[in-house]
Amino acid sequence: MNVVNSRKNFIFSGYDTVELAKKYGTPLYVISKEVIKDKCKEIRNDFLYKYDNTKAVYAGKAFLTMAMCRIIEEEGLGLDVVSGGELYTAIKADFPMRDVIFHGNNKSTDEIKMAIENNAGRIVIDHMDEISMIEDIASNFNKKVKVLIRVTPGVNSNTHKYISTGQRDSKFGVPIDNIHEVVSKTLCSEHIELMGFHFHIGSGLYENVSHISAVKALLKIIKIIKDDLGFITKELNTGGGFGIYYTKKDCVKPISYYTDSIMETLYKYCNELDLDIPKVTIEPGRWIIGEAGITLYTIGAIKEIPGIRTYVSVDGGLPDNPRPALYEAKYEAVIANKYNEKPEMIVTIAGKCCETGDILIHDLSVPEVCKGDVLVVISTGAYNYSMASNYNKLPRPAVVLLDEDEEKIIVNRETYDDILKNENMI
Ligand SMILES: Cc1ncc(COP(=O)(O)O)c(C=O)c1O
């Protein structure tokens, strides 16, 4: 996929990245539809078609635009949203609402109303109070709402603490100790139909052990709930969190590495505990979109501090990719217009923000670089555009989608006027 052309430029998904930078300017997010489709195909072949009664939903928080909704719909996946804004994007994109799962640890009344009014397929209850919020709104609409309960399974995962969510001390989900009362209350609600349970234990996981432990923990709960309350769990949503390639250190696994172990654990323990096999849903975000995205920058100031390091600054940084500053995320990058030249120096890629912490990459090996070169940071599809800000009043980059034979701007580059559009002068 990533090759060089006769001009030695870096080619991504069949497109010359230097030409893209010239045509659309930088910084620029570039997304490959081909990569997204390949990922979805793998999910279909190795999970959905392999196991009965399964479903895959894309976690929109990783990257959500109306165009992305359309691709996900075409690929036959559902959509997980976590806010009124994400829900609104899905509605505006005409995404089938029955395939939408609405999450969130602090959903507002308006957000729940929007979800129920538009017939979102599932609402995931995160805490006790939400039950009466949903019940009240659903009864006003005279609807019965299908829900899952998010459980915090008390499982640690091997990832950065900011993206670990399955441990007991988490703001997400119902702690195991409180499940009984939350289920009881849900079952007493006239306008709520409990379908089952959900867990998401963390993001960027390269081992399947936490998923296996979480499935076991959930099945124990499902058994207790069945024995005590007579509730038969119809659905188990096992979240996302599957790791992707960022740097050579990442030992990336196919989707089946996770899903086979989830399904094997499920079959084994359902059999042992005499439980019906629930429908299993997975919810990957990063795994679908992460490697489908790259970011193009133009190199500007180059500052050598003798005996210490060389800073190579680019025309974006923390506002278009806060992940390195937020949780020390690591990235690889290439100089697109010198792609097959030998590395000659080790540099630090700095963003243009007024923040010492705005460093995109430490110790990157590059050929002799100069002002005007195009830097391509790879695997930026997930949690870059979606986490972008206007810090330092920098306009957010455009997003270009590479389709089979043409590229399309799916998000326009922001202008200075866009940045000021909600401000009022006094
Ligand atoms: C509930 C839920 N599902 C799915 C995901 C997607 O995680 P990832 O992008 O790592 O697959 C997240 C991420 O935070 C999440 O909170």
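Residues numbered from 1 in each chain as written. Predicted model: local features only at pLDDT ≥ 70, side-chain atom pairs only at ≥ 80, totals over all residues. Heavy atoms only, no water.

Caption draft 1: Looking closely at the overall build of the chain. The number of helices and strands found in the chain is 12 helices and 21 strands. Here the chain has a C-alpha radius of gyration of 23 Å; the compact-globule value for 426 residues is 22 Å, and the two agree. With the principal axes as the frame, the chain shows a C-alpha extent of 70 × 55 × 45 Å. The buried share of the chain, reckoned over its 426 residues, is 56%. Across the chain, contacts joining residues at least 24 apart in sequence account for 70% of those joining residues at least 6 apart. With the model as given, the accessible surface of the chain reaches about 19100 Å², and the carbon-plus-sulfur share is 49%. Here the chain contributes 50 positively and 60 negatively charged side chains, and the mean placements of these two sets differ by 1 Å. (Helix = DSSP H or I, 4+ residues; strand = E, 2+ residues; numbered from the N terminus. Rg over C-alpha atoms; globule rule 2.2 N^0.38 Å. Buried < 20%, exposed > 50% of the residue type's maximum accessible area, 1.4 Å probe, protein only. Contact = heavy atoms within 4.5 Å. Areas by Shrake-Rupley, 256 points an atom, 1.4 Å probe, with all protein chains shown as cover. Lys, Arg positive; Asp, Glu negative; His and termini not counted. Charge placed at Lys NZ, Arg CZ, Asp CG, Glu CD.)

Caption draft 2: Summary view of the environment of Val 347. Structurally, the position occupied by Val 347 is in strand β17 (residues 345-350). Placed 17 residues apart in sequence, Val 347 and Leu 364 show a C-alpha to C-alpha distance of 5.2 Å.

Caption draft 3: Structural detail: the site of the ligand. Taken together, 15 residues lie around the ligand, and Ser 203, Gly 241, Glu 283, Arg 286 and Tyr 383 are the ones closest in. Ser 203 is positioned such that a nitrogen or oxygen atom in its side chain is 2.2 Å from an oxygen atom of the ligand. Within the contact set of the ligand, an oxygen atom lies 2.9 Å away from a backbone nitrogen or oxygen of Gly 285. Burial of the ligand by the protein amounts to 92% of the accessible area it has alone, namely 390 Å². Grouping the constituent residues of the shell around the ligand by class yields three nonpolar, seven polar and five charged. (Near = heavy atom within 4 Å. Polar contact = N/O pair within 3.5 Å; in protein donor to acceptor, adjacent residues only side chain to side chain. Nonpolar A, V, L, I, M, F, W, Y, C, P; charged D, E, K, R; others polar.)

Caption draft 4: Local environment of the packing of helix α5 (residues 109-117) against helix α6 (residues 128-140). Where α5 contacts α6, the axes come no closer than 10 Å and their chain directions differ by 50°. Overall, the two elements α5 and α6 adopt an arrangement that is oblique. Regarding α5 and α6, the two cross each other, and that crossing is right-handed. Residues Thr 109, Ile 112, Lys 113 and Ile 116 of α5 pack against Glu 130, Met 133, Ile 134, Ile 137 and Ala 138 of α6. Among the residues forming the contact of α5 with α6, the class breakdown is six nonpolar, one polar and two charged. (Axes fitted to C-alpha atoms, helices over the stretch in contact; angles between N-to-C directions. Parallel < 35°, antiparallel > 145°, perpendicular 65-115°, else oblique. Left-handed = near helix turned anticlockwise from the far one by under 90°.)

Caption draft 5: Region of the structure containing the packing of aromatic side chains. Within the structure shown, the criterion is met by nine aromatic pairs. Considering the side-chain rings of Phe 47 and Tyr 51, the 6.3 Å spacing of their centres and the 55° angle between planes classify their relative orientation as tilted. Here Phe 47 matches Tyr 51 in class, with each residue buried. Put simply, the rings of Tyr 29, Phe 63 and Tyr 385 touch in pairs and so form one group of aromatic residues. Lying over the aromatic face of Trp 287, Lys 39 brings its terminal NZ or CZ to 4.5 Å of the ring centre. We note Lys 107 situated over the ring of Phe 102; from NZ or CZ to the ring centre the distance is 5.9 Å. (Phe/Tyr/Trp six-rings, centres within 6.5 Å; stacked < 30°, edge-to-face > 60°. Lys NZ or Arg CZ within 6 Å of the ring centre and 35° of its normal.)

Caption draft 6: Broad picture of the domain arrangement of the chain. Entries for the chain in the domain assignment read domain 1 (3-31 + 291-420) and domain 2 (33-289). The C-alpha centroid of domain 2 is placed 33 Å from the C-alpha centroid of domain 1. Each partner contributes residues to the interface: domain 1 has 24 residues there, and domain 2 has 25 residues. Interface area for domain 1 against domain 2, summed over the two sides, is near 2300 Å², with a carbon-plus-sulfur share of 59%. When the buried surface of domain 1 facing domain 2 is broken down by residue, Glu 291, Tyr 327 and Tyr 383 rank first, second and third, together holding 29% of it. The tally of links between domain 1 and domain 2 comes to three salt bridges. (Domains from an automatic or database assignment. Buried area = accessible area lost by both parts, 1.4 Å probe. Salt bridge = Lys/Arg side-chain N within 4 Å of Asp/Glu carboxyl O.)

Caption draft 7: Structural detail: the pattern of salt bridges. Under the criterion given, the structure shown has 21 salt bridges. The salt bridge partner of Lys 39 is Glu 291, with a shortest N-O separation of 3.2 Å. In this pair, Lys 39 sits in helix α2 (residues 33-48) while Glu 291 sits in the loop between α10 (286-289) and β14 (293-305), placing the two residues 252 residues apart along the sequence. For Glu 291, a relative accessible area of 22% gives the class partly exposed.

Caption draft 8: Inspection of the side chain of Arg 150 at higher detail. Structurally, the position occupied by Arg 150 is in strand β9 (residues 145-152). Despite being buried, Arg 150 has no salt bridge partner; Asp 126 is the closest side chain of opposite charge, sitting 4.6 Å away.

Caption draft 9: Structural view of unusual backbone geometry. Note the cis peptide between Thr 26 and Pro 27, where omega equals -5°. With respect to the secondary-structure elements, Pro 27 resides in the loop between α1 (17-24) and β4 (28-32). Within the chain, Ser 13 stands out as a residue other than glycine whose phi angle is a positive 55°. Residue placement: Ser 13 occurs in the loop between β2 (10-12) and β3 (15-16). A positive phi is found at Asp 94, a non-glycine position, where the angle reads about 60°. Inspection of the secondary structure puts Asp 94 in the loop between α4 (84-92) and β7 (100-102).

Caption draft 10: Geometry of empty space enclosed by the protein. Applying the stated criterion across every chain, the model contains two cavities of 30 Å³ or more. The calculated volume of the largest cavity comes to roughly 50 Å³. Around the largest cavity sit Ile 222, Lys 226, Phe 231, Ile 232, Thr 233, Leu 275 and Asp 276, which together line it. Residues of the lining of the largest cavity, tallied by class, amount to four nonpolar, one polar and two charged. Taken as a whole, the second largest cavity encloses approximately 30 Å³ of empty space. Of the residues in the lining of the second largest cavity, the class split is two nonpolar, three polar and three charged. (1 Å grid on protein atoms, 1.4 Å probe; cavity = no way out; pocket = protein on both sides within 12 Å on 5 of 7 lines; lining within 4 Å. Points joined across faces, edges and corners; volume = space filled by probe spheres on them.)

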